[in-house]
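Spelled out, the chains give:
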Amino acid sequence: MIKTFIYTLLIALFVSDALPQKISAQTGQDVFTRDIQAQIQIIQQKISALRSQLAAIQNERTRIDASFVFTRNLGIGARGRDVENLQRFLRQFPAIYPEGLITGHFGPLTTRAIMRFQQENNIRATGFVGPITLNRINYLLAKTDARPEAASPALNAMPETQELTPSIAPPDTDRNLPRTPSQFALLPRPAYDFNILALNVHNLINQKRREAGLSELIWDEFIAKIAIEHGLDQARDNTETTNPDLLCQYPLIRHEGFSFGFTLGDRLRARNAIFRSAAENLAIMPLTKNLIFQHPRNNPPPLCPVVDTVKPINDSQEAKTSAHQETLRLNLKAIQGLQPTNWVNREWKTADELAKSAVEGWMNSEGHRKNILTPALNFGGVGIVEVNNHIILVHKFVRR
C-alpha cells in the first residue's frame, strides 16, 4: 500500500508540474529551455525526497522493536508481532531468507528460512522455533546489536512452554509479557489441587470424544492410582534435569517403566487391573510461564547444549532401557557446571491453562489423538505428579 501511494503521487507530479506553462509568442527558445530544465530539476528533487521517505519507511518496517524479546515457541500457522520481528531478524541474512517478506504469518517461506538458520547454527533443522532456536536468536541479537540498544543489563526470556510429549502448538497472539523492570515479579506458587486438575483433563478428553460422536470414558480411580505410580517412576529421572534454578532444563518422559512393570500391560497386570486392551498418553510441562532472566549485556549465558534422544537399536527391553539410560546420562552431562540463573520474572499457569494445554497438545499429535478417539476404550484415569516446577501427566485408557 505504501509503494502504491508513492507511485501514484509521482504520476500526479508528472501530470501537473511537468507540463510547461503556456508562454507568449514573445518568449524565446532559451527561456523555454531554462523553464523546462528548472521544472525537471524540481521534479528530480521531489523524486529524491520521495525515495528518501520510502527508504525510511522500509527501514522502519525492517527494524525490530527496541523493547521486543523473543519469548514463545513459533511454528507454521502462528501469527503475531513476534512473527513479524522474527521475519525482520531473518531478512538480515539474504542467503537464509531471500524472500525477505514481513507478513506476520509463519508460513512455508518462514519455515524454510528457519530450517536454513538452524542448519547454519548446528541446530536440528525442524523449521520450528523452540527453546534452543529462541535462545540462539536472542543471543545473536544481544551479541551483534541487531536490535537497538536497550538499557543494560539485557533481558532475555525463556519460552512459555518446554513440553516434550506432546508438542504443544504455540498460541496465535503475543502473550502480555512485562516489558520494564518495574513490572517484573517472582510470584508465589499457587496452591494447585492435582486431583481436581486430573478430573478437568478427563472431562476435556470426554468433550473431545463427544464432539467425535463417541461415548464418554468412565473415570476409574484405581486406574488413576496406577497412572500416578508411573508418574512417580518418571519423576525420579527429572529431579536434576528440571532444576528450576537453571536456564537449561531437559524434561524427559517415557512409556517404559522401571519400577513395577516395563510395558503398560505389565504395569496393569502387576496391580491386578481388569482389562482387555489399553492405551496410554503422557505429557510433561512446566507450571511456570513468562520466565525472564537477567544478565550483563556483555556477558550473555552460553547456549544450552543440544541433547538428542538416543534411539534404541531394536524393540527389545534391553535396547530400550540402554537407550533411555544413555539419554538420561547425556541430559545430566549437559547441566554439569551450569550456574544458577538470575530470574527476575516468574508467573504461574492456571489450572485451566494446564488442562487445556495438555489436551490440545495430545489432540495435535496423531498417536495421542488416536488413543483419545478409540471407540472401544471405555474407562480411564489421569495421574499427575509434580517434579520441581514441572508436572508429569499420565492418562491411561482401558477396555473392559
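Now for a look at the structure at hand. (Residues numbered from 1 in each chain as written. Predicted model: local features only at pLDDT ≥ 70, side-chain atom pairs only at ≥ 80, totals over all residues. Heavy atoms only, no water.)

This part covers the overall build of the protein chain. Along the backbone of the protein chain there are 11 helices and seven strands. For the protein chain, the proportion of its 400 residues judged to be buried stands at 45%. Taking contacts inside the protein chain between residues at least 6 apart in sequence as the whole, the part at least 24 apart equals 73%. Approximately 20600 Å² of the protein chain is accessible, and the part contributed by carbon and sulfur atoms is 54%. (Helix = DSSP H or I, 4+ residues; strand = E, 2+ residues; numbered from the N terminus. Buried < 20%, exposed > 50% of the residue type's maximum accessible area, 1.4 Å probe, protein only. Contact = heavy atoms within 4.5 Å. Areas by Shrake-Rupley, 256 points an atom, 1.4 Å probe, with all protein chains shown as cover.)

Any aromatic ring pair is given by two values, namely how distant the centres are and how the planes are angled relative to each other. Counted by the stated rule, this structure contains five aromatic pairs. Aromatic side chains tyrosine 192 and phenylalanine 194 sit 6.1 Å apart centroid to centroid with 10° between the ring planes, which places their arrangement in the stacked category. Note on accessibility: tyrosine 192 and phenylalanine 194 belong to one class, buried. A centroid spacing of 6.0 Å and a plane angle of 90° characterise the contact between phenylalanine 293 and tryptophan 343, whose relative ring orientation is edge-to-face. Of this pair, phenylalanine 293 sits in strand β4 (residues 288-295) while tryptophan 343 sits in strand β5 (residues 343-348), and the two are 50 residues apart along the sequence. Tryptophan 343 shares its class with phenylalanine 293; the two are buried. Grouped by ring-pair contacts, the aromatic residues Phe89, Phe93 and Phe117 constitute a single cluster. The positively charged end of arginine 400 is found above the aromatic ring belonging to phenylalanine 379, 4.5 Å away from the centroid. (Phe/Tyr/Trp six-rings, centres within 6.5 Å; stacked < 30°, edge-to-face > 60°. Lys NZ or Arg CZ within 6 Å of the ring centre and 35° of its normal.)

Bringing the environment of threonine 110 into the picture now. One can find threonine 110 in helix α4 (residues 108-120). As a C-alpha pair, threonine 110 and leucine 86 span 24 residues in sequence and 8.8 Å in three-dimensional space.

Take the pairing of strand β6 (residues 379-387) next. Of all the nine residues making up β6, eight are buried; the element is thus mostly covered by neighbouring parts of the structure. Two strands pair when backbone bridges link them, and strand β2 (residues 218-219) and β6 are joined in this way by two bridges, in the parallel orientation. The residue bridging tryptophan 219 from the neighbouring strand is glycine 380, located in β6. Relative to strand β7 (residues 390-399), β6 is paired through nine bridges, and the arrangement is antiparallel. (Pairing = 2+ DSSP bridges.)

Our focus in this paragraph is unusual backbone geometry. Look at asparagine 272: it is not a glycine, yet its phi comes out positive at around 60°. Take asparagine 272: it is sitting in the loop between α8 (264-270) and β3 (277-286). On the basis of relative accessible area, asparagine 272 is assigned to the exposed category, the value being 65%.

With that out of the way, let us pick up helix α7 (residues 221-235). Between its first and last C-alpha atoms α7 spans 21 Å; for 15 residues at 1.5 Å apiece the expected length is 21 Å, and the two agree. For α7, every residue scored as buried is listed here: Ile223, Ala224, Ile226, Ala227, His230, Gly231, Asp233, Gln234 and Ala235. Where α7 is buried, its residues contact β2, α8, β3, β6 and β7. Capping of α7 at its N-terminal end is provided by aspartate 220; its side-chain oxygen lies 2.9 Å from the backbone amide nitrogen of phenylalanine 222. (Expected span 1.5 Å × (residues − 1). Polar contact = N/O pair within 3.5 Å; in protein donor to acceptor, adjacent residues only side chain to side chain.)

Another point: the packing of helix α3 (residues 81-90) against α4. Two numbers describe how α3 lies on α4: the axes approach to 11 Å, and their chain directions differ by 50°. Classified by the interaxial angle, the pair formed by α3 and α4 is oblique. Handedness of the crossing formed by α3 with α4: left-handed. For the pair formed by α3 and α4, the contact residues are Leu86, Gln87, Phe89 and Leu90 on the first element and Thr110, Ala113, Ile114 and Phe117 on the second. By residue class, the composition of the contact of α3 with α4 is six nonpolar, two polar and no charged. (Axes fitted to C-alpha atoms, helices over the stretch in contact; angles between N-to-C directions. Parallel < 35°, antiparallel > 145°, perpendicular 65-115°, else oblique. Left-handed = near helix turned anticlockwise from the far one by under 90°. Nonpolar A, V, L, I, M, F, W, Y, C, P; charged D, E, K, R; others polar.)

Of all the eight residues making up β4, seven are buried; the element is thus mostly covered by neighbouring parts of the structure. In terms of strand pairing, β4 meets β5 through four bridges, oriented antiparallel. Looking at the pairing, threonine 288 lines up with tryptophan 348 of β5.

Attention shifts here to the pattern of salt bridges. Oppositely charged side chains are able to pair whenever their charged atoms sit close together. Summed over all chains, the structure comprises 14 salt bridges. Here glutamate 84 and arginine 88 are joined by a salt bridge, their closest N and O atoms 3.5 Å apart. Of this pair, glutamate 84 and arginine 88 both sit in helix α3, separated by four residues, roughly a single helical turn. Of the residues examined, glutamate 84 reaches a relative accessible area of 28% and is grouped as partly exposed. The class for arginine 88 is buried, based on a relative accessible area of 11%. With a closest N to O distance of 2.8 Å, arginine 254 and aspartate 237 form a salt bridge. You can see arginine 254 sitting in the loop between α7 and α8 and its partner aspartate 237 sitting in the loop between α7 and α8, a full 17 residues away along the chain. Each of the two residues, arginine 254 as well as aspartate 237, counts as buried. Look at the salt bridges and you will find they share partners, linking Asp233, Arg236, Asp237 and Arg254 into a network. (Salt bridge = Lys/Arg side-chain N within 4 Å of Asp/Glu carboxyl O.)

These values are about where atoms sit, not about what they do.
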